[in-house]
2 protein chains.
Amino acid sequence: MLARLFCWMLSLACLALSPGVHAEDGYDLWLRYAPADAARADVISRHATAIVAPGDSATLKAATDELQRAVAGMTGTKPALSAAPSSGALWLATPKTAPSLPVKMQALGPEGYAIRSTQVEGKPVTLIAANSDIGLLHGAYHWLRLAQTGANLDALDIMSAPKIGLRLLNHWDNLNGTVERGYAGQSIWDWWRLPDYKGPRYTDYARANASIGINGTVLNNVNAKADSLTAPYIAKAAALADVFRPYGIKVYLSVKWTAPMELDGLKTADPMDPAVAAWWKAKADEIYRAIPDFGGFLVKANSEGQPGPQDYKRTHADGANMLAAAVKPHGGIIMWRAFVYAHDNPDDRAKQAYSDFKPLDGQFADNVIVQVKNGAIDFQPREPFHPLFGAMPKTPLMMEFQITKEYLGQSTHLTYLGPLFQEVLEADTYAKGKGSTVAKVIDGSLDGHRLTGIAGVANIGVDRDWSGSIFNQADWYAFGRMAWDTGLSADAVAREWAAMTFSPDPRVVDPVVAMMMGSREAAVDYMTPLGLAHVMATGHHYGPGPWISNLARPEWNPVYYHKADAAGIGFDRTRTGSDAVSQYAPPLARRWAKPATTPEQDLLWFHHLPWTYRLKSGDTLWDGMVHHYDRGVAYVADMQRSWDSLRPLIDAERFAQTEAFLRIQRREAQWWRDASIAYFQSVNRLPLPAGAAAPEHDLNWYKALSFPYAPGHN
Amino acid sequence: MLARLFCWMLSLACLALSPGVHAEDGYDLWLRYAPADAARADVISRHATAIVAPGDSATLKAATDELQRAVAGMTGTKPALSAAPSSGALWLATPKTAPSLPVKMQALGPEGYAIRSTQVEGKPVTLIAANSDIGLLHGAYHWLRLAQTGANLDALDIMSAPKIGLRLLNHWDNLNGTVERGYAGQSIWDWWRLPDYKGPRYTDYARANASIGINGTVLNNVNAKADSLTAPYIAKAAALADVFRPYGIKVYLSVKWTAPMELDGLKTADPMDPAVAAWWKAKADEIYRAIPDFGGFLVKANSEGQPGPQDYKRTHADGANMLAAAVKPHGGIIMWRAFVYAHDNPDDRAKQAYSDFKPLDGQFADNVIVQVKNGAIDFQPREPFHPLFGAMPKTPLMMEFQITKEYLGQSTHLTYLGPLFQEVLEADTYAKGKGSTVAKVIDGSLDGHRLTGIAGVANIGVDRDWSGSIFNQADWYAFGRMAWDTGLSADAVAREWAAMTFSPDPRVVDPVVAMMMGSREAAVDYMTPLGLAHVMATGHHYGPGPWISNLARPEWNPVYYHKADAAGIGFDRTRTGSDAVSQYAPPLARRWAKPATTPEQDLLWFHHLPWTYRLKSGDTLWDGMVHHYDRGVAYVADMQRSWDSLRPLIDAERFAQTEAFLRIQRREAQWWRDASIAYFQSVNRLPLPAGAAAPEHDLNWYKALSFPYAPGHN
């Protein structure tokens, strides 16, 4: 023990010398396995004296490799693999390798696991039990999370299984290497050099996802190119699938509706045309020959200019079911997106998806799941949950969150999305009375669906830190953790992430988590307070553009969403307006029909109100808006102070990045506040409340700003 | 000593354990400073017991930091900084800090250095002497090169100073992050997050360049956007200049001729218009306020659709001189590219730059240098040197090499460019009789110019290994080393690079250098043997397209360059043809006028010959071509065998990358060979020589290939 400790201290000293030890650049994400202090290293060592993992699958090897690498990193000593449980060993077992495990195995399902401190022939061991090697891998990552976060490793008795079956990333990655709404550099898929070259990053991607329970990835943009279905690109996708398979991650592809016409000259893409159905059947067969466990297709059809079955007077169900028949023999599924709105439809954009899909409830094949964005517009800082949740009981609905922050500050704003995810998942649809939460809709429990899913639009790129900033990694982490367990709180997830990413030291975790937890509300405050939405600049959606009114389609213009005029502001979605409220269950429709009973956070989403409307604070609506803008800016300044106080406790490289990004966020929060106030004041001509500073520039200055090279806008 | 050795061995053991030690991923380039074996570590330690470097400039700190980091990496012990020379110390001194140095200081110039094993008060020290701290930095990197490559560190007596003043990288990087002809990922310039965020990669870029003597960088594409001259982008460039300054690297910008019209609404860009001259003067003043040591402008004008002075009936000299006047007060220069050819000029494209620029000799201002590509066409695997070299004695000419391998296999072919650089630099122009080499033209010695320069189009991107492959790093390295010392041989440079990049072990260096040295000739053989050129596919220039004849401009079509018909092949540039030979000095014009006296490597560049023409080998031209194609393919197969034999001596990650890329190169060399033979055979109807295999597919198969997402084509 002493000898090991000595070697450990010495190795720490030597490590510090070596240039081979790269700085903390964020590449290792929450899997850093940094050296623990001596006391903690000793605790971990005593609980990982050896690793017992009978079997030889690639997945089991991934689990034992990760455990060895992690324990070696944290303690300086790499635990040996041994055949039989010895005192202090980690024992990975399935019913195949250990018939009579002291665990209710059926409760674990195919992916879950149990972790239990127990004894084998009188020797204390930590048992990780599962029905499959994938379950063991998830269990190993859970134990490592406990080890990294300083948890007690004695008397463990944990059972965990995911409530949702499909936990997917959606990559909006293009074949030319750009990423739509990507703010972390180019695509990590090096399509050009695949399948020959499979760099180490693919494996690290799989490790990171497996560590948080993600079990599938859609490789290409929903605005898909037909080329991704050609033989060369199928071979490239197959090469990635080979890398991901041991980690329990399936590959999926987005498809373009007109692929049969573009690739093979068919005259039509009508889903009722036998030649079209045959083409997709043959294409599915071709894909499954290369990728036997291929997951299925994701489809964006008849949306924002994409072709689809409606071009042939067919319904979304007609289209989805034709594709479903093609993949069904192989066990594949179709994820059909409900994000639709039509240029020729004058109705409130927030209502159109419901109007299109609600009537189709019950018409989808049993291997189709409809993918619905969390809100009815488009990934805003805050939206009420999408009215389709709870409205299609006969159809499995899949949640689509956006991890990449198209509307929440993109790469440089610290706006932790955990609270947004939690708010949506906990939202009560009242579809079957109180407690019919969105979480219960998508986990299938509310309506008894076995096909369940949740997707997050990835924030991953080739930036060394994967996500464009260290703190953006927390959004990837939170999505995976909350997809596995929709009951987790954003706060608990943030604590795990901060401890693993920076240090388990509470002097670090507490302030970092405090910064994170209020950061999304701060973005709401400085961008879209009180239920405002979609007031971002055109196209790249970077920065404020509430004045924009010149775009071809009304629903592309911010003025369409805030409807500000001399008298008031807000979108009337009550009976006197678009009546979008009637798409929700009666208790909500009633609550949101009146300003007084509408939560102020959604006030202007549902109501057009006079500037003089009185908020609960006693402020007029206008004064309240200004106070929200100021509160958002002030929060960012507070984050800067908190971060600065952490300088002694954070490595230089990651400290400097966050410091620089907070400086940008502070400036841009002020810009949002000033530009918004300058514009709305030009409409309402009202004075600012006492103590509020005038905008730094006049409105024309803000209108004149342009950003021709804003990222993520392809 | 023993104690240190013990700690060192132990630390090596511990390092091996630690996940903190990242795999060899190529990021460290030739500055890995990997642990040396004990004997070598001891040698290095004895010659770096301490570092004496009086002074406190950022440049001096860069030098001492690098020495400490490197020695610590190689030996495990970090040498201390000490005030006075002690036994075994490295002593960095300038005349300012040590008035009477035992070195002819004037011979070192502003950037050069001396390294000498000497004594101070009886104590043996290694003196690094220079006239400036930048010289000391270069000297430090030279000493580290000796330490890394296993050189004897006793009795050193080295003096080195660059013959060429401007040693620049040209980045063809666009403001949207793409890189024209970039095969290593996006631009490393994170324009969007500059100037606030200056990531560590910028410093490592400066370190790498300083280590090989590069002293300037043109940040943006010669196909420039006017936006790069706006205030926000000047601030971004200034932030980079601040990072690079301590490393002796100046920042330059490419400019768009019509910027005054695009940015400020001027009615004209006529260089003789006072308002235009005043605009550039004011713009230069603005830039120098932000970047006091700004280098100057690089200009691509009236070339490939770019605007320029000829649009206003002015000459290139008129344009260059107007810009020169704007930067002159600040000590700036103008680099004016001679790469021009006009869509309305029916003359041989190879002749047009000469025809345009030769008459302007003597008309350029004294702070203008004309940048000339190494050959008259465009960075082909082989071209005769550009006829302008030696033809403009009154004008300083700057060499433009292309480090990124647009025409030599892009990111995945191992084609070391050192031999190409050496071949061009050693080429004799005969401008002032025998020995008037291209090197003497560009180093100014032939015609007595003080303004001298050499530029390399960078192969750098955000790929972790910077250059798209480990072996592509050698081209960056060779460019810098041969720019500093045009007399270095490609072989010597390859040996340095291989030793630093992989290991000084001759079992590694010898085979790696052997692979490298023949690799460029192999590419010539399988792509463009016997003087053929520009037969690559359209646009992306990836792969063969000798059949292409349908492009708008004749000189864009491969058939324009090879002129193959039933009777023969080759471009007649003698008096019976375009007479391009007459643009060269008489001895060369005479030599190249006749096939018999033309080196076979340039045969079809200068002559159109019957397929039955007899080569020196006795082969007919056609049989000889086929043999060259086969030789090229065979060389790649040999490289694969050599590399496979190195598996035990190379780290896994870098071994696997090169193994995969050689597999791609082998397949693509075969593709080049087969497609070229299939096409030329369709023209000449000749049988293949005995033993030559028929192409794998028929011509139509090769013609049908398309690569819509080929990289680098923006």
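Residues numbered from 1 in each chain as written. Chains lettered and ligands numbered in written order. Predicted model: local features only at pLDDT ≥ 70, side-chain atom pairs only at ≥ 80, totals over all residues. Heavy atoms only, no water.

You'll find chain A entered in an unreviewed UniProt entry as Xylan alpha-1,2-glucuronidase, with Sphingobium olei given as the organism. UniProt lists a comment for chain A under the heading Sequence similarities (unreviewed entry), and it reads "Belongs to the glycosyl hydrolase 67 family." Under the Catalytic activity (unreviewed entry) heading, UniProt states for chain A: "Hydrolysis of (1->2)-alpha-D-(4-O-methyl)glucuronosyl links in the main chain of hardwood xylans." (UniProt positions renumbered as here; feature names shortened; annotations may be inferred.)

1. Considerations on the overall build of chain A
Regarding its fold elements, chain A presents 21 helices and 16 strands. Taken over C-alpha atoms, the radius of gyration comes to 26 Å for chain A, in line with the 27 Å a tight globule of 714 residues would show. Across its three principal directions, the C-alpha atoms of chain A cover 80 × 70 × 50 Å. A total of 714 residues make up chain A; the buried ones form 63% of that total. Long-range contacts, defined here as pairs at least 24 residues apart, represent 73% of the contacts in chain A between residues at least 6 apart. With the model as given, the accessible surface of chain A reaches about 24,200 Å², and the carbon-plus-sulfur share is 56%. Computed over 68 positive and 73 negative side-chain charges, the separation of the two mean positions in chain A equals 3 Å. (Helix = DSSP H or I, 4+ residues; strand = E, 2+ residues; numbered from the N terminus. Rg over C-alpha atoms; globule rule 2.2 N^0.38 Å. Buried < 20%, exposed > 50% of the residue type's maximum accessible area, 1.4 Å probe, protein only. Contact = heavy atoms within 4.5 Å. Areas by Shrake-Rupley, 256 points an atom, 1.4 Å probe, with all protein chains shown as cover. Lys, Arg positive; Asp, Glu negative; His and termini not counted. Charge placed at Lys NZ, Arg CZ, Asp CG, Glu CD.)

2. Focus: helix α2 (residues 38–46) of chain A
One full turn of an α-helix is made of 3.6 residues, so residues set three or four places apart face in the same direction. Within α2 of chain A, the full set of buried residues consists of Arg40, Ala41, Ile44 and Ser45 of chain A. The buried side chains of α2 of chain A occupy one side of the element, clustering within an arc of 140° when seen end-on. (Arc of directions from axis to C-beta.)

3. Focus on the pattern of salt bridges
Residues and elements named next belong to chain A. Using the criterion set out here, one finds 84 salt bridges over all chains in the structure. Residue Arg245 pairs with Asp242 through a salt bridge whose shortest N-O separation is 2.8 Å. Owing to a relative accessible area of 29%, Arg245 belongs among the partly exposed residues under this scheme. Among the charged side chains, a network of salt bridges with common partners joins Glu24, Arg32, Asp651 and Arg654. (Salt bridge = Lys/Arg side-chain N within 4 Å of Asp/Glu carboxyl O.)

4. A short note on the sheet that holds strand β12 (residues 368–373) of chain B
Residues and elements named next belong to chain B. Pairing is parallel around the closed barrel formed by eight strands, whose spatial order is β7-β8-β9-β10-β11-β12-β13-β14. Neighbouring strand axes in the sheet, compared pairwise and without regard to direction, differ in orientation by 25° on average. In terms of strand pairing, strand β7 (residues 166–170) meets strand β8 (residues 216–218) through three bridges, oriented parallel. Bridge assignment links Leu168 to a residue of β8, and that residue is Gly216. (Pairing = 2+ DSSP bridges. Axes fitted to C-alpha atoms, helices over the stretch in contact; angles between N-to-C directions.)

5. Thoughts on the UniProt feature "domain: Glycosyl hydrolase family 67 catalytic" (unreviewed entry) in chain A
Feature annotation in UniProt assigns "domain: Glycosyl hydrolase family 67 catalytic" (unreviewed entry) to the following positions: residues 148–466 of chain A. Secondary structure over residues 148–466 of chain A splits into 27% helix and 14% strand, and the C-alpha atoms at its two ends are 21 Å apart.

6. Observations regarding the UniProt feature "domain: Glycosyl hydrolase family 67 C-terminal" (unreviewed entry) in chain A
Cross-referencing UniProt, the feature "domain: Glycosyl hydrolase family 67 C-terminal" (unreviewed entry) maps to residues 468–691 of chain A in the present numbering. Regarding residues 468–691 of chain A, the helix share stands at 54% and the strand share at 2%, and the terminal C-alpha atoms are separated by 37 Å.

7. Here we look at unusual backbone geometry
Negative phi values dominate among residues other than glycine, just as trans dominates among peptide bonds. For the bond running from Leu194 of chain A to Pro195 of chain A, omega is 0°, close enough to zero to count as cis. Residue placement: Pro195 of chain A occurs in the loop between β7 (166–170) and α5 (200–211). With a phi angle near 50°, Ala155 of chain B is a residue other than glycine that sits in the positive phi range. Here Ala155 of chain B lies in the loop between α4 (133–148) and β6 (157–160). Note on Ala155 of chain B: relative accessible area 71%, which makes it exposed.

8. Remarks on the domain arrangement of chain A
For chain A, the assigned domains read domain 1 (25–160), domain 2 (166–501) and domain 3 (525–571 + 608–703). Here the C-alpha centre of domain 3 of chain A lies 48 Å away from the C-alpha centre of domain 1 of chain A. (Domains from an automatic or database assignment.)

9. A few points about the packing of helix α5 (residues 200–211) of chain B against helix α6 (residues 231–244) of chain B
Residues and elements named next belong to chain B. Remark: α5 packs on α6, axes separated minimally by 9 Å, with the N-to-C direction vectors making an angle of 55°. Regarding the angle of α5 to α6, the classification is oblique. Where α5 crosses over α6, the two elements pack in a sense that is right-handed. In this structure, α5 uses Tyr202, Thr203, Tyr205 and Ala206 to contact α6, whose residues at the interface are Leu240, Val243 and Phe244. Counted by class, the contact of α5 with α6 contains six nonpolar, one polar and no charged residues. (Parallel < 35°, antiparallel > 145°, perpendicular 65-115°, else oblique. Left-handed = near helix turned anticlockwise from the far one by under 90°. Nonpolar A, V, L, I, M, F, W, Y, C, P; charged D, E, K, R; others polar.)

10. Side note on the environment of Ala498 of chain B
All names here are of chain B. The topology assignment puts Ala498 in helix α14 (residues 490–501). For Ala498, a relative accessible area of 0% translates into the label buried. The spatial distance from the C-alpha of Ala498 to the C-alpha of Ser117 is 26 Å, given a sequence separation of 381 residues. Look past the residues within four positions of Ala498 in its chain and what remains in contact with it is Ser503, Val509, Val512 and Val513.

11. Quick look at the sheet that holds strand β2 (residues 80–81) of chain B
Residue and element names in this part refer to chain B. Across the sheet, six strands lie side by side as β2-β1-β3-β5-β4-β6; this open sheet has mixed pairing. Of all strands in the sheet, those with a lone pairing partner are β2 and β6, marking the two edges. Of the pairings in the sheet, the one linking strand β4 (residues 113–120) to strand β5 (residues 123–129) comprises seven bridges and is antiparallel in character. Each bridged residue has a counterpart across the sheet, and for Val120 the counterpart in β5 is Lys123. The strands that α4 touches are β3 (89–93), β4, β5 and β6; relative to β4, the one it contacts most, it runs at about 75°.

12. Describing the pairing of strand β5 (residues 123–129) of chain A
Here β5 of chain A lies mainly inside the structure; five of its seven residues are buried. Counting the residues that bridge the hairpin from strand β4 (residues 113–120) of chain A to β5 of chain A gives two residues, and of these Glu121 of chain A lies at a positive phi of roughly 50°.

13. Some points on the environment of Met159 of chain B
All names here are of chain B. In this fold, Met159 is placed in strand β6. Taking relative accessible area as the criterion, Met159 reaches 41% and is therefore assigned partly exposed. Between the C-alpha atom of Met159 and that of Ile650, which follows or precedes it by 491 residues, the distance is 34 Å. For Met159, the contacting residues outside a window of four places in its chain are Val103, Lys104, Ala107, Leu108, Tyr113 and Ala114.

14. Section: the packing of helix α3 (residues 58–75) of chain B against α4 of chain B
Residues and elements named next belong to chain B. Interaxial distance between α3 and α4 falls to 8 Å at its minimum, and their mutual angle equals 10°. By the angle between their axes, α3 is roughly parallel relative to α4. The residues of α4 that touch α3, namely those facing Thr59, Leu60, Ala62, Ala63, Glu66, Leu67, Ala70, Val71 and Met74, are Asp133, Ile134, Leu136, Leu137, Ala140, Tyr141, Trp143, Leu144, Ala147 and Gln148. Split by residue class, the contact of α3 with α4 holds 15 nonpolar, two polar and two charged.

15. Examining the packing of aromatic side chains
In the structure shown here, the tally under the stated rule is 90 aromatic pairs over all chains. Ring centres 6.4 Å apart and planes at 65° place the aromatic pair Trp547 of chain A and Tyr679 of chain A in the edge-to-face group. You can see Trp547 of chain A sitting in the loop between α15 (506–527) and α16 (558–562) and its partner Tyr679 of chain A sitting in helix α20 (residues 652–684), a full 132 residues away along the chain. Summarising the burial analysis for this pair, Trp547 of chain A and Tyr679 of chain A share the class buried. Summarising the aromatic geometry, the rings of Tyr205 of chain B and Phe244 of chain B are spaced 5.3 Å apart at their centres and angled 40° between planes, so their arrangement reads as tilted. With Tyr205 of chain B in helix α5 and Phe244 of chain B in helix α6, the pair connects residues that are 39 residues apart, well separated along the chain. (Phe/Tyr/Trp six-rings, centres within 6.5 Å; stacked < 30°, edge-to-face > 60°.)

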